[in-house]
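Single-letter residue listing:
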Amino acid sequence: MDDYLFRQYVNECRVVHEETKYLEIFNYSDPVHNSCEEHPLTPDEFDNFLQQRGAFTPPELRLGTVLLSGIRLVVQTEAKDKDTFMPKVLSLPKDVYEQMVRVLRLPFRGIETTSVVGPFFWTSYDHDDADPHLHILHRKSDVRKKGRTRGWEMMLSHRFSTGVTSGFVKGTPSSDIVAALRHLRACAAQAGHPLLLPTIILAHDLAPANDQKQRDARDWLRRLEHAVSLRDEVEAEEQYFQNGRLEVDGLNRDLVECHSNVLWKRPQAYMALTLEMEKAMGLFKNMYEARRRMAAEDEAGAGAEAARKARETQRRELDKLHRSMLARMDFYKVKLTGLENYIHTTLQRLKVQREALYNIMSQREARLNLEIAGEQRRIAHASKRDSTAMKTISLLGTLFLPGTFLASVFSMTFFNFQSNAEPVISDKLWVYFLLTIPITGAIVGIWIWYDRRKEAQYARDDEDLEKDINKMEHDIMMNLRRRTMSKNHTWNTISPPPR
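What counts and how
Residues numbered from 1 in each chain as written. Predicted model: local features only at pLDDT ≥ 70, side-chain atom pairs only at ≥ 80, totals over all residues. Heavy atoms only, no water. UniProt positions renumbered as here; feature names shortened; annotations may be inferred. Helix = DSSP H or I, 4+ residues; strand = E, 2+ residues; numbered from the N terminus. Buried < 20%, exposed > 50% of the residue type's maximum accessible area, 1.4 Å probe, protein only. Contact = heavy atoms within 4.5 Å. Core = buried A, V, L, I, M, F, W, Y, C linked by side-chain atoms within 4.5 Å. Domains from an automatic or database assignment. Patch = residues over 30% accessible without salt bridge, like charges linked within 9 Å, V, L, I, M, F, W, Y side chains within 5 Å. Areas by Shrake-Rupley, 256 points an atom, 1.4 Å probe, with all protein chains shown as cover. Salt bridge = Lys/Arg side-chain N within 4 Å of Asp/Glu carboxyl O. Lys, Arg positive; Asp, Glu negative; His and termini not counted. Charge placed at Lys NZ, Arg CZ, Asp CG, Glu CD.

Labelled according to an unreviewed UniProt entry, the protein appears under the name Mg2+ transporter protein, CorA-like/Zinc transport protein ZntB, originating from Cordyceps militaris. The heading Subcellular location (unreviewed entry) in the UniProt record of the protein holds the text "Membrane".

Structure, rendered in structure tokens:
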């Protein structure tokens, strides 16, 4: 079943190109033969590396020298293609990938983990009783960020009969895998433990930088609390005020960003990963002890005293390393428990500030509605005044202007309609215009003065209206603030004196 599913999933994948290297670490009973090499792996040498032919042929050992442990890895630490960690994507040709998995006895299920998210760890035996292997899958991949791929993956297979761990490791230059491989080379003498590289990666993943990020988020939260709740214990330059007004947009943006930083590398996921790694260590320990007893019986009959002593020394060192790694797992569990409690408190405080910010935004919306209502009220008042004035002028003009004009003109002595001859127009008609124009100008001036007085009165009425609106808004906001964000009820409560 596994073989069929493996071939089916491989056929469904597409291929991207990544630069490939190899890493080999071998430890022998005679340290003279020990080696640690990392070099580019060209396509024409790939099969030789898998089969340990040509330049990769094991060295000829002196009599009594045996291989104690080793690591053989196909490595891609410069993964740059934007799709290299996408589901159903391989960074080796399909036939080469399939050959690598089969020859190195890597877990077939690795091809089914291209879509997993978060830190993932799985281990199991391959159920080959004659030559058992311990399979390990460890990876963490994520969606692209700014068009760049992110993540790393690892497939390992530990052969108990030789103590050699083979595998395939891939990661981006910015991932922890680069530092982890550098760390692995520095610990080459301890390469006999198959959980060494996963533990190193976990150590880099849970580095103090993670704790520092949570401390920075808590400090950020403190500034947000100051901005929302008007505390007075933060420096002036850390405030979220501009021109005496709270900058809600910046505060909301930073609140979301702070929340995302707090959720970075949640401890629950790494706690589950740590428990799975402890389980894997138990599987390795049980099989290793069983194989060691079988090997001791075989060596007793062969008389290989030097090899037996070397393996016994290696067993003691490996047991010491195993106990050290278990202690490190206990350390991480305690650390992650404390970090989870710390994060839980931070998230609860963020929730309070978010609710308070929503309250402030609701108050601002209420204020905006008040301003709109006040503006509409002022417009209505102005429209009413204008319409009243226009109605008055129109009515007066309609009633009196035609009759007054005609009566005034035709009753003047400048016209003589009662003469027996033709009507006579006096040569003193200019007196009419001489008097009419100044009087008209005076009347218009008086009207302008009166209109300005009315406008001033209207402006005072508008100011009074604005004061009423501001007072109403101030009363509402003070009411809300006293109920929801009063210092006396949140962080400065004084207990009543004892009776």
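There is more to say, and it comes next.
Colleague: So what exactly am I meant to see when it comes to the environment of T84 here?
Modeller: Along the chain, the position of T84 falls in the loop between β4 (67-76) and β5 (89-90). The class for T84 is buried, based on a relative accessible area of 1%. Taking C-alpha positions, T84 is 9.5 Å from T172, a pair spaced 88 residues apart along the chain. Aside from chain neighbours lying at most four places away, what touches T84 is V16, E18, A79, V89, S91, T149 and K170.

Colleague: Where do I start with the nonpolar core in this structure?
Modeller: Among soluble globular proteins, nonpolar side chains are generally buried collectively. Counting residues in hydrophobic clusters, the biggest one holds 42 residues, and the most contacted among them are L73, L184, L195, L197 and L202. For this core, the elements supplying multiple residues, two or more each, are β2 (21-28), β4, β7 (133-145), β8 (148-159), α4 (176-186), α5 (196-205), α8 (267-302) and α9 (305-410). The element contributing the most residues to this core is α8, with eight residues. If you count residues domain by domain, this core takes at least three from each of domain 1 (1-206) and domain 2 (208-297 + 308-373). Counting residues in hydrophobic clusters, the runner-up holds 21 residues, among them F6, V10, C13 and V101.

Colleague: Would you take a moment to explain a negative patch on the surface for this structure?
Modeller: On the surface, D461, E463, D464 and D468 cluster together to form a negatively charged patch. Tracing the backbone shows D468 in helix α10 (residues 430-484).

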